[in-house]
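# Structure at a glance
Listed below, chain by chain, are the residues.
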Amino acid sequence: GAAQVRALLLGAEKLIKSGHLEEARMQLGAVLQIDAANDAAHTLLAEVDAGIAAANEAARKARELEEALAGIDASLRRGDLEEARERLRSAEAAHGLVAGLDAARERVGQLAAARLRERVEALLAEGEALAGRGALPEATVRLEQALELAPNEARVRGAMSRVRDLQRRAEEAQ
């Protein structure tokens, strides 16, 4: 009995070191069948149970992270930037700044940047069209809005400069 218990304990320790916790648990159960009061088996069993619980928790968190990433990607595919941002914030709150969220954060940022470019382009086009029709105050408002969104955008700055020149000439002509 004692030799068998030692062999089972050694085997269980090897299994624990190699990460085979369920198999180690079974061997420790066999030890306790032979010697129900074996302190070493009870100590190792507590370690094994803690390791299994930690592995289960890590697996649960990994599944939750995968679900969060899938939700973010679904929002991005629909083009719903606000929902994607909210899902990203929620995932960051639940999981911290884990590496798995880096790519999602970048995709959300890319969609936000694309939306910003689209808005600046639309304001620029509106401003230029209004200027072309002689509606200079309205053109100035659109171009100022574009500049607020993209202060370093050369095309918007150029259009604003042209509109101001047209305004100056119109004032001088009066």
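Residues numbered from 1 in each chain as written. Predicted model: local features only at pLDDT ≥ 70, side-chain atom pairs only at ≥ 80, totals over all residues. Heavy atoms only, no water.

## Brief notes about the nonpolar core
When a protein is soluble and globular, its nonpolar side chains tend to lie buried together. Quick reminder of the rule: Side-chain atoms within 4.5 Å link the members of a nonpolar core, which is a set of buried Ala, Val, Leu, Ile, Met, Phe, Trp, Tyr and Cys residues. For each residue, the accessible area found with a 1.4 Å probe, counting protein chains only, is set against the maximum for its type, and the residue is called buried under 20%, exposed over 50%, and partly exposed in between. Numbering of helices and strands runs from the N terminus, with a helix taken as a DSSP run of H or I at least four residues long and a strand as a DSSP run of E at least two residues long. Should any heavy atoms of two residues lie within 4.5 Å, those residues are counted as being in contact.
Leu143, Val156 and Val163 are the most contacted members of the largest nonpolar core, which has 16 residues in total. The set of elements that each furnish at least two residues to this core consists of α5 (100-132), α6 (136-149) and α7 (154-173). Setting aside its immediate chain neighbours within four residues, Val163 contacts Ala131, Leu136, Ala139, Thr140 and Leu143.

## Considering the pattern of salt bridges
Rules: The term salt bridge refers to a pairing of a side-chain nitrogen on Lys or Arg with a carboxyl oxygen on Asp or Glu at a separation within 4 Å.
In total, this model carries 15 salt bridges according to the counting rule given. Arg85 is paired through a salt bridge with Glu82; the nearest N and O atoms lie 3.0 Å apart. Taken as a pair, Arg85 and Glu82 lie in helix α4 (residues 81-95) at a separation of three residues, close to a single helical turn. Its relative accessible area of 48% is what places Glu82 among the partly exposed residues. With a closest N to O distance of 4.0 Å, Arg155 and Glu153 form a salt bridge.

## Let's talk about the environment of Gly51
By the secondary structure assignment, Gly51 is in helix α3 (residues 39-78). Residue Gly51 is classed as partly exposed on the basis of its relative accessible area, which comes to 24%. Note: C-alpha distance between Gly51 and Glu22 (29 residues apart in sequence) is 9.8 Å.

## A short note on the side chain of Ser75
Operational definition: Polar contact criterion, stated in full: a pair of N or O atoms within 3.5 Å, where within protein one must be able to donate a hydrogen and the other to accept it, and residues adjacent in sequence count only if both atoms are side-chain atoms.
Within the element layout of this structure, Ser75 appears in helix α3. In this structure Ser75 comes out as buried when scored by relative accessible area, which is 0%. Here Glu83 takes part through its side chain, which lies 2.5 Å from a polar atom of the side chain of Ser75. With residues up to four places along the chain from it excluded, the contact list for Ser75 reads Asp80, Glu83, Ala84 and Arg87.

## A look at the packing of helix α2 (residues 21-34) against α3
For the record, the criterion: Lines fitted to the C-alpha atoms define the axes, with helices restricted to the stretch that makes contact. Angles between their N-to-C directions range from 0 to 180 degrees. Note that the term roughly parallel is reserved for angles under 35 degrees, roughly antiparallel for angles over 145, roughly perpendicular for angles of 65 to 115, and oblique for everything else. In this scheme the handedness of a crossing depends on how the near helix is turned from the far one: anticlockwise by less than a right angle means left-handed, clockwise means right-handed. Each residue gets one of three labels, nonpolar for Ala, Val, Leu, Ile, Met, Phe, Trp, Tyr, Cys and Pro, charged for Asp, Glu, Lys and Arg, and polar for the others, Gly among them.
Following both chains from N to C, one finds α2 and α3 inclined at 155 degrees, their axes separated by 10 Å at the closest point. Judged by the inter-axis angle, α2 sits roughly antiparallel to α3. Both α2 and α3 take part in a crossing whose hand is left-handed. Here α2 contributes Leu21, Glu22, Ala24, Arg25, Leu28, Val31 and Leu32 to the contact with α3, which in turn contributes Ala41, His42, Leu44, Leu45, Val48, Asp49, Gly51 and Ile52. Residues that form the contact of α2 with α3 fall into these classes: 10 nonpolar, two polar and three charged.

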